[in-house]
Amino acid sequence: MSAENESWVVLKFGGSSVANADNWPTIASLCAKRQEDGHRVIVVCSALGGVSDALQDLLDNPLSDDGAARLATIAEQHRLIAKAVGIDADSILEASFAELEQLVAGIQLIGEVSVKVRARVMALGELMSTRLIAAYLANSGTDAGWFDARDALRSEDVEDRRQRRAFLAATCDAQPDSTLSARLRNLAAVVVTQGFIARNSEGETVLLGRGGSDTSASYFASMLTAERLEIWTDVPGMFSADPRIEPSARLLIALHYDEAQELASAGSRVLHPRCLSPLRRAQIPLYVGSTAHPEITGTMVSAHIDEVEPRVKGICIRQGLVLISMDTVGMWQQVGFLARVFAVFDRHHISVDLVSTSETNVTVSIDSAAGEVSDEQLNELADDLRALCRVRVIHNCTALSLVGRKIRTILSRLAPVLEVFEEEKVHLMSQAANDLNLTFVIDEQQSTRLVRKLHASIIRKSGQNSVFGPRWEELFTSSEKTATPRCSWWTQKREQLIELSRDKNAVYVYDLASVVSATDELKAISNIGRLLYAMKANDNAEILKTLVAEGVDFECVSPGEVRHLLDVIPDLDTSRILFTPNFAPRDEYAWALQKGLQVTVDNLYALEAWPDVFRDQSIFVRLDPGQGRGHHEHVRTAGIHSKFGVPLFEIDELIDRTEAINATVIGIHAHTGSGVHDPENWRQVATTLATVADRLPSVRCIDLGGGIGIPEKPGDKAFDLGELDRSLAEVRAAFPQYELWLEPGRYFVARAGVLLTRVTQMKGKGDMRYIGVGAGMNTLIRPALYGAYHEIVNLSRLDEQATESVTVVGPICETGDRLGSDRLMPPSEEGDVVLIANTGAYGYVMKSDYNRRGDVPEVCLGVNGERQ
């Protein structure tokens, strides 16, 4: 086939794909395969994962003292990945590094960031990553060339070119362009270009909005009349729910453009919603696959699908919504009221998403998560709307959408399922005019729980067909489809554990070698001056002895915990104990101070009501940084809905009260939640606390709390402690006067503990299959209380194929007594030993005697494997 007749294929790689050097050979291989199939290839790439966020942070904090350190971190990330793939970043990116430094220096000089400069800085992420990838491909023997996407993509003119959206959320024309095709053919066989960026009619750099790299790829596909667009990302396609929330989410094998558009718009993060329109107009099919797992069949989106049966195909949540509720009796039968209301939105350049009306109320939603609508814009909007009606702004909302075909025709089938909303506050409900979704806007904290319930009721029952492929769990178990997706200490000690469970309905087993290993990992964080173990996670005596031997200190929340700790370790120096009660009575604080403990206060009431207790004392103060994080609402310990901490707006009052009683604040503390996987969380908390500490000259240490997440679900990645250390190094450099403390509980012990139990019964009930075990919610309450996910395996049949989808339940007389739903396990028999993993934290300590089921024994395996 001649070069002129070769069709184009567009390959787009996201930030997570290009940030991992292990994926770069896959990128080269995919390019080679498409060439072998007779195609010309254009590669569209995002910035390296994390770089856009780092650049955004630089722009949002232009006067920060650690700007130079953050610039160095961005440059070092590019150097490291270049070195890993055998190229030299400095020789390739010298000009880009210099431009970035120059732009940031200019921003710091004038103290503000214009939208033009913001677009130029953000564009450098894609420009740098693609320079490296083009050099790597050429170095690997590929005929590859680099192309500036801004030379092809022109943004459409808007009425006011100065507005924020014109530079940060632009759109482009994508009509077929034979001139562009010829130009790229003359450049190289494989052309590498950027996502996310374009130019306006004045030649200025503009951005296509966050996630705009997908849209760039679809623009190029349309302009080149490509045979197909392939988007390669960190997941192998689109799923029936977010697998991070629901591990039994199903791979969607084939979707129509309209369905994919609805899923993307409703919150599925795999595709950007805007990328589908150009493809649909040009009838160009879209394939979604995983760069890390190219062997897994992904999702094909096109106009041609075999399945037309009405059904729900996906359950999505879209967080970060703001509702504007407008009340007035003046709209009743008044012509033009809605026109006047929406004219106000138009004047403020704010797009409305969902709309619900009644005789006296109009409620609309605004998607503020993308950062394109500022708080200032919302306040100005509300002020102007008050001239027409009463206005209420409702923050922290989530849209939960059921997406599929012909939703109206299956409402009767969905009716019983929708009972899950019975006890929820539904702010707004919308049934799409195109009959592709049914959406409920609810409070954010309930969304993940409802997704799990709805998915289990609606989608779980479907077998594999032309629409639904394997579950996420099935895709990320081993190739033999066993129930053990990764090697753990308990796989190596299987026979010993089976013997320990003999004649027991349930037993907790802790591996002290794993505790030591986790401790060593945490001790390697060089920028932490002191590690404290949050004792409420697990107060087993052998674990406490192991931790104190490793040099770890302790955080206790009650006198009972302190007494138990001192009973186990009588010679422990009490200065190694941080006492952090919450809403405790007066006598507990007085007792702790008398014992010589370091005491934390998290409520100004204590200082005001009991001044004699704290007069002349040195204390810690727990602050609320304003935003909670974590895997469930009950473990988020910051924000207005959390009972913990002194809010930042009370700092002046805190200073007044401590000065009045001559109390010395020597440390400040914050804890945002549990199961947090973003290392950036701790840098943000540290920076917030350090800013407050500057107003408290006696502060010498900053306690960042705990909450470091661990891998739990199939496909989960380990927390990057190295990245945490690097981010804290930035804090130390900016605030060297403070020592940083960390007090994780769960990270020390969660993976070290397992709960062993035995199969009691099996039961089939319609489409459901249950396995009963001797342990229940009385033994492990986390699944019922938090919706927590724990890996569950049949230890007796560890090497057998996992062929059954089962729900594992206990003997407690409660519907909520479920330890795991829709789990892949081999066929089980009465007496088999079942292992529930990651139960070393908040397991035994939260057990109860509900139903009078009795106590559960604990067993420790020593560092050398012996029973303690």
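Our structure's up above, just so we're on the same page.
Owing to the predicted nature of the structure, the values given are computational and were not obtained by experimental measurement.

Draft legend 1. Highlighting empty space enclosed by the protein. In this structure the tally under the stated criterion is 2 cavities of 30 Å³ or more. Volume-wise, the second largest cavity comes out at about 40 Å³. Every residue along the wall of the second largest cavity is listed here: Leu-58, Leu-59, Asn-61, Pro-62, Val-104, Ile-107 and Gln-108. Sorting the residues of the lining of the second largest cavity by element identifies helix 3 (51–60) and helix 5 (89–110) as the ones contributing at least two each. With 3 residues, helix 5 is the largest single contributor of residues to the lining of the second largest cavity. When its residues are assigned to classes, the lining of the second largest cavity shows 5 nonpolar, 2 polar and no charged.

Draft legend 2. Quick peek at the pattern of salt bridges. All chains considered together, the criterion is met by 43 salt bridges. The shortest N-O distance in the salt bridge between Arg-586 and Asp-612 comes to 2.4 Å. With Arg-586 in helix 22 (residues 586–594) and Asp-612 in helix 24 (residues 611–614), this residue pair connects regions lying 26 residues apart in the sequence. On the accessibility criterion, Arg-586 (35% relative accessible area) is partly exposed.

Draft legend 3. Main features of helix 10 (residues 257–265). For helix 10, the buried fraction is high: 7 of the 9 residues fall into the buried class. Within helix 10, the full set of buried residues consists of Tyr-257, Glu-259, Ala-260, Gln-261, Glu-262, Leu-263 and Ala-264. Positive backbone phi, approximately 130°, marks Gly-267, located one or two places after helix 10.

Draft legend 4. Spatial organisation of the environment of Ile-317. Along the chain, Ile-317 falls in strand 12 (residues 311–327). Looking at Ile-317, the relative accessible area reads 16%, which means it is buried. In this structure Ile-317 touches Ile-245, Ala-266, Gly-267, Thr-398, Ala-399, Leu-400, Ser-447, Thr-448 and Val-451, once residues within four positions along its chain are discounted.

Draft legend 5. The packing of aromatic side chains, seen in detail. Throughout the structure, instances matching the rule amount to 13 aromatic pairs. Ring centres 5.5 Å apart and planes at 70° place the aromatic pair Trp-24 and Tyr-136 in the edge-to-face group. Placement of Trp-24 in helix 2 (residues 24–36) and of Tyr-136 in helix 6 (residues 115–139) is noted, with a sequence separation of 112 residues between them. Tyr-136 shares its class with Trp-24; the two are buried.

Draft legend 6. Summary view of the side chain of Arg-797. Following the sequence through the fold, Arg-797 ends up in the loop between strand 31 (792–794) and strand 32 (804–809). The exposure class of Arg-797 is buried, given its relative accessible area of 15%.

Draft legend 7. Examining the packing of helix 12 (residues 337–347) against helix 13 (residues 375–385) more closely. Packing of helix 12 against helix 13 leaves a shortest axis separation of 10 Å and a crossing angle of 150°. Accordingly, the angle class assigned to the pair helix 12 and helix 13 is roughly antiparallel. Judged by the twist between their axes, the crossing of helix 12 over helix 13 is right-handed. Residue-level contacts link Val-341, Val-344, Phe-345 and Arg-347 of helix 12 to Leu-381, Asp-384 and Leu-385 of helix 13. Looking at the contact of helix 12 with helix 13 residue by residue, the class counts come to 5 nonpolar, no polar and 2 charged.

Draft legend 8. Representation of the sheet that holds strand 11 (residues 299–302) within the structure. A sheet is described by the order of its strands in space; here 8 strands give the open sequence 3-4-2-1-7-10-11-9, paired in mixed fashion. On the outer flanks of this sheet lie strand 3 (144–146) and strand 9 (254–256), each paired with one strand and no other. The sheet shows a mean angle of 20° between the axes of neighbouring strands, taken without regard to direction. Two elements, strand 9 and strand 11, share 3 bridges in a ladder whose sense is parallel. Each bridged residue has a counterpart across the sheet, and for Ala-254 the counterpart in strand 11 is Met-300.

Draft legend 9. Geometry of the environment of Phe-440. Positionally, Phe-440 belongs in strand 17 (residues 437–443). Here Phe-440 falls in the buried class, since its relative accessible area comes to 4%. The sequence separation of Phe-440 and Asn-61 amounts to 379 residues, and the corresponding C-alpha distance is 36 Å. Residue contacts for Phe-440: discarding those within four places in its chain leaves Thr-398, Ala-399, Leu-400, Leu-418, Phe-421, Val-426, Leu-428 and Met-429.

What counts, and at which threshold
Residues numbered from 1 in each chain as written. Predicted model: local features only at pLDDT ≥ 70, side-chain atom pairs only at ≥ 80, totals over all residues. Heavy atoms only, no water. 1 Å grid on protein atoms, 1.4 Å probe; cavity = no way out; pocket = protein on both sides within 12 Å on 5 of 7 lines; lining within 4 Å. Points joined across faces, edges and corners; volume = space filled by probe spheres on them. Helix = DSSP H or I, 4+ residues; strand = E, 2+ residues; numbered from the N terminus. Nonpolar A, V, L, I, M, F, W, Y, C, P; charged D, E, K, R; others polar. Salt bridge = Lys/Arg side-chain N within 4 Å of Asp/Glu carboxyl O. Buried < 20%, exposed > 50% of the residue type's maximum accessible area, 1.4 Å probe, protein only. Contact = heavy atoms within 4.5 Å. Phe/Tyr/Trp six-rings, centres within 6.5 Å; stacked < 30°, edge-to-face > 60°. Axes fitted to C-alpha atoms, helices over the stretch in contact; angles between N-to-C directions. Parallel < 35°, antiparallel > 145°, perpendicular 65-115°, else oblique. Left-handed = near helix turned anticlockwise from the far one by under 90°. Pairing = 2+ DSSP bridges.

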